[in-house]
Amino acid sequence: MTSRKILKIIITLLLGVNIVVAQTDIPMHSWRSHLSYNNIIDISSSSQNLYVAAENSLFFIDQDDFSINKITKNDGLSDVSIGAIHYDQEIDLLIIGYTNGNIDLIYEDQLINIPTVKNATLIGGKRFYDIKVNDGLVYLSNDQGIFVLNTQRREIVESYLNLNKEGTTLLISEISFTADSIYAATPEGLLSASMNSSTNRQDFNNWERAFVNIEFTSLIKTNTGLTASAENTMFDFRGSDWSINDITVNETIRDFYFANNALYILTDSEINRVNGDALEEIVAIDNSNSSTKLLINELGYWIGKSESGLLNYNNNSFQNFSPSGPSTDIVWELFDIDNHIYNIAGGYSTTRQPFNRPGYLSTFTQGQWSNSLIEFDSQPIQDMVDLELLNNNRFESDLFAASFKEGLVNVSTSNTVVDENTVGSTLVRINGKISMTSIAKEGSALWMSTHGVDHSIHRWDLETNLWQDYNFGFTQAKYPMDLLVLNNGDKWVSLDANRGGGILVFNQDSKLSRYLNTNGGQGGLPGREVTSMVIDQNNFLWVGTNAGIAFYPNPFTVLEGRSLSASIPIFDNSFLLRDEFITSAAIDPGNRKWIGTATNGIWLFSETGEELVFHFTEKNSALLSDEIKSIHIDVKSGEVFIGTATGLVSFQSDAIEGQNQHSDVKVFPNPVTRNFNGVVTISGLVNSATVKITDVSGKLVKELKSQGSAAIWDVKDYNGIRVQTGVYLVFSSNSDGSETYVAKIAVI
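Residues numbered from 1 in each chain as written. Predicted model: local features only at pLDDT ≥ 70, side-chain atom pairs only at ≥ 80, totals over all residues. Heavy atoms only, no water.

K.L.:
Any details on the packing of aromatic side chains? Residues and values, ideally.
P.N.:
In this structure the tally under the stated criterion is 41 aromatic pairs. When the ring of Tyr348 is compared with that of Phe404, the centres are 4.5 Å apart and the planes differ by 40°; the resulting orientation is tilted. On the criterion of sequence distance, the pair formed by Tyr348 in the loop between β31 (340-344) and β32 (360-365) and Phe404 in the loop between β37 (396-403) and β38 (407-410) is long-range, its members being 56 residues apart. Pair check on accessibility: Tyr348 and Phe404 agree, each one buried. Following the ring pairs from residue to residue traces out a cluster consisting of Trp31, Trp594, Phe614, Phe616 and Phe651. Positioned over the ring face of Phe355 is Arg357, at 4.0 Å from the centre of the ring. Directly above the ring of Tyr479 sits Arg499, whose terminal nitrogen or CZ lies 4.3 Å from the centroid. (Phe/Tyr/Trp six-rings, centres within 6.5 Å; stacked < 30°, edge-to-face > 60°. Helix = DSSP H or I, 4+ residues; strand = E, 2+ residues; numbered from the N terminus. Buried < 20%, exposed > 50% of the residue type's maximum accessible area, 1.4 Å probe, protein only. Lys NZ or Arg CZ within 6 Å of the ring centre and 35° of its normal.)

K.L.:
Kindly report on a negative patch on the surface, identifying the contributing residues and their values.
P.N.:
Negative charge collects at one region of the surface, where Glu166, Glu188, Glu215 and Glu231 lie side by side. In this structure, Glu188 sits in the loop between β15 (181-186) and β16 (189-194). (Patch = residues over 30% accessible without salt bridge, like charges linked within 9 Å, V, L, I, M, F, W, Y side chains within 5 Å. Areas by Shrake-Rupley, 256 points an atom, 1.4 Å probe, with all protein chains shown as cover. Salt bridge = Lys/Arg side-chain N within 4 Å of Asp/Glu carboxyl O. Lys, Arg positive; Asp, Glu negative; His and termini not counted. Charge placed at Lys NZ, Arg CZ, Asp CG, Glu CD.)

K.L.:
Help me get a handle on the nonpolar core, residues and values and all.
P.N.:
Ranked by size, the top nonpolar core spans 31 residues in total, and within it Trp31, Leu50, Trp302, Leu310, Trp594, Ile602 and Ile642 carry the most contacts. Within the residue set of this core, elements represented by two or more residues are β2 (40-45), β3 (49-54), β4 (58-62), β57 (602-605), β59 (628-634), β60 (639-644) and β61 (648-652). Contacts of Leu50, omitting those with residues within four sequence positions, involve Ile43, Ser44, Ser45, Phe59, Phe60, Ile61, Gln63, Leu295, Asn297, Trp302 and Leu310. (Core = buried A, V, L, I, M, F, W, Y, C linked by side-chain atoms within 4.5 Å. Contact = heavy atoms within 4.5 Å.)

K.L.:
Any details on the sheet that holds strand β20 (residues 233-237)? Residues and values, ideally.
P.N.:
Strand pairing in a sheet relies on backbone hydrogen bonds, with the paired strands running either antiparallel or parallel. With antiparallel pairing, the four strands of this open sheet are ordered in space as β18-β19-β20-β21. In the strand order of this sheet, the two ends are held by β18 (218-221) and β21 (242-244), each with one partner. Strand-to-strand twist across the sheet, computed as the mean angle between neighbouring axes with direction ignored, equals 25°. One ladder, built from four bridges, connects β18 with strand β19 (residues 226-230); its direction is antiparallel. Bridging from a neighbouring strand, Ile220 pairs with Thr227 of β19. (Pairing = 2+ DSSP bridges. Axes fitted to C-alpha atoms, helices over the stretch in contact; angles between N-to-C directions.)

K.L.:
Describe the confidence of the model for the protein chain, with residues and values.
P.N.:
With 96% of its residues at a pLDDT of 70 or more, the protein chain has an overall mean of 93. This stretch, residues 7-24, has a pLDDT under 50; its non-local contacts, to residues over four places away or in other chains, come to 44 contacts. (pLDDT = per-residue confidence, 0-100.)

K.L.:
Describe the side chain of Asp419, naming the residues involved and giving the relevant values.
P.N.:
Counting through the fold element by element, Asp419 comes out in the loop between β39 (416-418) and β40 (436-442). Taking relative accessible area as the criterion, Asp419 reaches 13% and is therefore assigned buried. At 2.9 Å, the side chain of Asp419 and the backbone nitrogen of Asn421 are in polar contact. Not counting residues up to four positions away in its chain, the partners in contact with Asp419 are Glu406, Ser425, Leu427, Arg429 and Ile434. (Polar contact = N/O pair within 3.5 Å; in protein donor to acceptor, adjacent residues only side chain to side chain.)

K.L.:
Outline the environment of Ser732, listing residues and values.
P.N.:
Looking at the secondary structure, you find Ser732 in strand β67 (residues 726-733). Taking the relative accessible area as the measure of exposure, Ser732 reaches 2% and is therefore buried. Filtering out sequence-adjacent residues up to four positions away, Ser732 remains in contact with His662, Leu685, Ala689, Thr690, Val691, Glu739, Thr740 and Tyr741. Within the structure, the side chain of Ser732 is placed 2.7 Å from the side chain of His662, a separation counted as a polar contact.

K.L.:
Could you give an account of the sheet that holds strand β51 (residues 548-552), with specific residues and numbers?
P.N.:
A sheet is described by the order of its strands in space; here three strands give the open sequence β49-β50-β51, paired in antiparallel fashion. Each edge of the sheet is formed by a strand with only one pairing partner; in this case those strands are β49 (530-535) and β51. Sheet twist, expressed as the mean angle between neighbouring strand axes with direction ignored, is 20°.

Pasting the structure below:
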């Protein structure tokens, strides 16, 4: 299958709306994926292309020009998390097996999905680990056993399950074939069965076993038989029985590859070739992270790594062929700082235990990702949970990160750690940790929240270098989770639901404080676990909880002590997202509400929350998972970045940051052709413009309201009927008519 044919498939899958917004390089109301290509799962090759599976995506390299092409769910793949791939030369077919049992077949001109295993009722996992083709049939090994796929009939025709010696479920790591038998490497030894048509391979009793209770991971066919591996030991099959190979491998064997009549062995630090009864080192590899897969062809040695992507070794040098992407598909929190999108992947569990994740900082700028590991004293700063950029006379413009283990880190000054030993610091280390959960700036000061201490809130004025800590005298306040600083100086602090939850509101100048909870008159929160707090353009404070979302229409008066209950919009004759576990919320330039949930995807509601605009799930969109982790909006472009449990995607919305006057107004596409079925984007408008579209006689065709500085027209009139061929006028104005603009659209 050539690169041109693969790209043809991608283009076919993407046919639809094709309107490019001026401020971005993706079409209006379309998606793009931002996935990591650092953890390589599998590698396969055709005569033209090298196919590489990363954890949640696929890419291929044209071996003529070395161009790199991504294929993701956004491009038409049926699923996300990949377990194994295999390209078969004879039938010109790329086979993808996913971790949930789903299967995709990519032919020359189409993609066929086989969801049989995914939809099957099976106890346990369904991840595919290996794919082989034998005698025209595709054999896929997974958590349950082996499934046999007939590609002509496009269906599973046989399955070998419960192959353990007691007839229970047995994971199959890798499979191979000889002329008359099938072999399998498993955590419980090596299995084999006759391929004779009279043998019932669905019966576990018909499988022979060798080296029972030894965990095998790799298995390969060579010119002399079969070779398998268990940790750093090799086992050979030479026609009758298995035996232990006397060659000593110093590390765990990660993969085998047979090429040029020789067996090659991949470990974390090297590639060795079996030469008689000894090993010959061919390539030394950086062993800072695990090796995963090996493929050898005329272009050199292709090495998959668990953290550093795809490496090629040729002519005594290494080259990385991984596409641009974040360091990991884990999303803890997204930020927009100084015109860069940041992703951090740290965090803690629901029981507030650190994940011990290394402090990778991924940055998205002008369509490309860059990654850096935040270290101090040559050790990674673990579990970063928050970022803040502070501009002041002392440090100029410094980026600070909060770590759930190490406290505060100044990323801009060689990753300087600010902890209990810093002069003047009020931070306290408990059980070896400074469990900082959030940071927020106010003028020249940085506010910090630390979990599990009496004085849980800290203020550090970076210009005066003065510190202050705060103790609020009730148990829940010892466990802050997030900080929000309002324009009037009030601080809103969400509190750990495991310790009672709710919100602490205080002002250090007035010395007033208040505790909000689920009780009526005392806050009236929908749920006690507060997961998101955000201010909209009307100064309404929206609060997401484990049981829905609500808002406070005048948060600046909360400390006056009056009876207070949050307001909840009514949608579809019920409270908005009642009983939904809200995970994140964001306000777009049109003052609309983007709301992420734990199990039900992401919602976009109107300004008041009473009208649904979009509801995206993994079934109806390019969303990777229905579990939303974080939402951030690039207000200048309107691109909405959505972190999910499986990775990061973005959606080009029609809401773009507004301005006080019309500027660089663009209408796209223009002219509009007969076969165009998308929307026309009008950008560069005055903020919240009223847009009237008329024909040349002045008859009103459609009236629109811009979302920030952009409006979209579906080329239809008020009755939903597509307009006739002709020239249409666009009249745009602000609310008082002091700022106006006129444009033309040709429909041909």
